Amino acid sequence: MRGLLKRGGLNSFTLTPKQWIQTTAVIGIISKAGGYGGTYAQKDIAFEFSSWISVEFKLYLIKEFHGS
């Protein structure tokens with residue numbers, strides 16, 4: 001984990017979802033390779049990630065998935 005934090009500020013640093021899951025032992029996120037693969041997250045984690053894209057997008061997702 002220390003190496004991850006040390007490299008995190010570099011422009012050349014990349015981190016795949018699978019690397020992040022393995023490094024941090026995160027719960028609630030699954031990453032699968034292959035034709036039917038992808039990265040899947042528990043609903044609340046996905047909502048928080050969507051705010052990185054934009055606040056408007058996060059609010060749209062919350063309204064769609066919570067039915068408000």
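Residues numbered from 1 in each chain as written. Predicted model: local features only at pLDDT ≥ 70, side-chain atom pairs only at ≥ 80, totals over all residues. Heavy atoms only, no water.

### What to know about the pairing of strand 1 (residues 29-32)
Turning to step 1, where the next piece is worked out: Residues Ile29 and Ser31 of strand 1 are buried on one face, while the alternating residues Ile30 and Lys32, pointing to the opposite face, are not.
Turning to step 2, where the next piece is worked out: For strand 1 and strand 2 (residues 38-41), the ladder comprises four bridges, and the chain directions are antiparallel. Each residue of the ladder has a partner; that of isoleucine 29, found in strand 2, is alanine 41.
Turning to step 3, where the next piece is worked out: Turn length for the strand 1-strand 2 hairpin, with the two strands adjacent in sequence and antiparallel, is five residues, and the turn residue glycine 34 shows positive phi of about 105 degrees. (Buried < 20%, exposed > 50% of the residue type's maximum accessible area, 1.4 Å probe, protein only. Helix = DSSP H or I, 4+ residues; strand = E, 2+ residues; numbered from the N terminus. Pairing = 2+ DSSP bridges.)

### Section: the packing of aromatic side chains
Turning to step 1, where the next piece is worked out: All told, the structure shown has two aromatic pairs when counted by the stated rule.
Turning to step 2, where the next piece is worked out: Pairing phenylalanine 47 with phenylalanine 65 gives two aromatic rings, centres 6.3 Å apart and planes at 55 degrees, and the pair type is tilted. Of this pair, phenylalanine 47 sits in helix 3 (residues 43-53) while phenylalanine 65 sits in helix 4 (residues 55-66); the two residues are 18 residues apart in sequence, bridging distant segments of the chain.
Turning to step 3, where the next piece is worked out: Phenylalanine 65 gets classed as exposed once you look at its relative accessible area, which sits at 56%. (Phe/Tyr/Trp six-rings, centres within 6.5 Å; stacked < 30°, edge-to-face > 60°.)

### A short note on the pattern of salt bridges
Turning to step 1, where the next piece is worked out: Summed over all chains, the structure comprises one salt bridge.
Turning to step 2, where the next piece is worked out: Lysine 58 is paired through a salt bridge with glutamate 48; the nearest N and O atoms lie 2.9 Å apart. On the criterion of sequence distance, the pair formed by lysine 58 in helix 4 and glutamate 48 in helix 3 is long-range, its members being 10 residues apart.
Turning to step 3, where the next piece is worked out: For lysine 58, a relative accessible area of 18% gives the class buried.
Turning to step 4, where the next piece is worked out: When its relative accessible area of 49% is taken as the criterion, glutamate 48 is described as partly exposed. (Salt bridge = Lys/Arg side-chain N within 4 Å of Asp/Glu carboxyl O.)

### Focus on a nonpolar patch on the surface
Turning to step 1, where the next piece is worked out: A contiguous nonpolar patch, built from Phe49, Trp52, Ile53, Phe57 and Tyr60 and spanning about 620 Å² of accessible area, is present on the exposed surface.
Turning to step 2, where the next piece is worked out: When residues of the nonpolar patch are traced back to their parent elements, those giving at least two are helix 3 and helix 4.
Turning to step 3, where the next piece is worked out: In terms of residue count, the dominant contributor to the nonpolar patch is helix 3 (three residues).
Turning to step 4, where the next piece is worked out: You can see phenylalanine 49 is positioned in helix 3. (Patch = residues over 30% accessible without salt bridge, like charges linked within 9 Å, V, L, I, M, F, W, Y side chains within 5 Å. Areas by Shrake-Rupley, 256 points an atom, 1.4 Å probe, with all protein chains shown as cover.)

### What to know about the environment of lysine 18
Turning to step 1, where the next piece is worked out: Looking at the secondary structure, you find lysine 18 in helix 2 (residues 17-24).
Turning to step 2, where the next piece is worked out: With 12 residues separating them along the chain, lysine 18 and isoleucine 30 place their C-alpha atoms 8.0 Å apart.

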